[in-house]
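# Chain and residue survey
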Amino acid sequence: MQFLYKQLRLGFLGLFFVGLLAACQSTPEVTSPFNAEQIAALKEQGFRQTDEGWELSFTDKLLFEFDAAKLTPPSRSAIQKISAALLKVGITHMRVEGHTDNEGTEAYNDKLSLARANVVADAMGATGIPRGNIVVKGLGMSKPVASNASKAGKAENRRVTIIVSAP
């Protein structure tokens, strides 16, 4: 009986120490590379958090005409507004991705989407974001956001996306 009592007591002490050690361990805190002011500015401009960073897709603000990589005056104004807001809170590193609909060859669309990304990056650079801090990618027709079966869907796919992540 005494042996059983010692075993139970040791078992309870063991559980106590295991629990104590577990309580002392802390889980690593997930931190954002952005402060509250920067996050608020990103949200205010329409960015949403994704696995890749804070993303703004210009499907409703910056669409391109068929076979074109030229900014319209409203699009240029939208880019200037967004760039100024990002600069104000110290965000100066980003990636700009150009996209197309599915008309034409893959090679042609890759070239056109890169031209669209560069036009937006140049406009952001003209607003004060260091052009060297902007990575541009042309993704062609590889990531549609709408069906290319309709005219409206094709128009939505002719867009640029800005992704802000830690430098």
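In this text the structure is predicted, and so the values were computed from the model without any measurement.

## Some remarks on the pairing of strand β5 (residues 160-164)
Most of β5 sits out of view: five of its five residues are buried. In β5, alternate side chains face the same way, and those of Val160, Ile162 and Val164 on one face and Thr161 and Ile163 on the other are all buried. Inspection of the sheet shows strand β2 (residues 53-57) paired to β5 by four bridges, in the antiparallel sense. Along β5, the bridge assignment pairs leucine 56 with isoleucine 162. The pairing of strand β3 (residues 94-98) with β5 spans four bridges and is classified as antiparallel. Residue pairing for β5: arginine 95 is matched across the bridge by isoleucine 163.

## Comments concerning the confidence of the model for the chain
Summary statistics for the chain give a mean pLDDT of 83 and a share of 77% for residues scoring 70 or more. In the model of the chain, helix α1 (residues 2-24) stands out as the element of lowest mean pLDDT, 49, in contrast to strand β4 (residues 134-138), which has the highest, 97. Contacts from residues 15-24, a stretch scored under 50 in pLDDT, to residues over four places away or in other chains number zero contacts. Contacts from residues 26-30, a stretch scored under 50 in pLDDT, to residues over four places away or in other chains number zero contacts.

## With respect to the sheet that holds β3
In space, the five strands of this open sheet follow the order β1-β2-β5-β3-β4, with mixed pairing throughout. Bordering the open sheet on either side are β1 (48-50) and β4, each of which pairs with just one other strand. Each strand axis lies, on average, 30 degrees off the axis of its neighbour in the sheet, ignoring direction. Sitting on the sheet, helix α4 (residues 106-127) touches β3, β4 and β5, and the angle it makes with β4 is about 160 degrees.

## Some points on the side chain of threonine 92
As for its placement among the helices and strands, threonine 92 is situated in the loop between α3 (73-88) and β3. Relative accessible area serves as the criterion here: at 19%, threonine 92 is assigned to the buried category. At 3.4 Å, the side chain of threonine 92 forms a polar contact with the side chain of histidine 93. Beyond its immediate stretch of four places on either side in the chain, threonine 92 contacts Leu87, Ile129, Pro130 and Asn133.

Rules and cut-offs
- Residues numbered from 1 in each chain as written.
- Predicted model: local features only at pLDDT ≥ 70, side-chain atom pairs only at ≥ 80, totals over all residues.
- Heavy atoms only, no water.
- Buried < 20%, exposed > 50% of the residue type's maximum accessible area, 1.4 Å probe, protein only.
- Helix = DSSP H or I, 4+ residues; strand = E, 2+ residues; numbered from the N terminus.
- Pairing = 2+ DSSP bridges.
- pLDDT = per-residue confidence, 0-100.
- Contact = heavy atoms within 4.5 Å.
- Axes fitted to C-alpha atoms, helices over the stretch in contact; angles between N-to-C directions.
- Polar contact = N/O pair within 3.5 Å; in protein donor to acceptor, adjacent residues only side chain to side chain.

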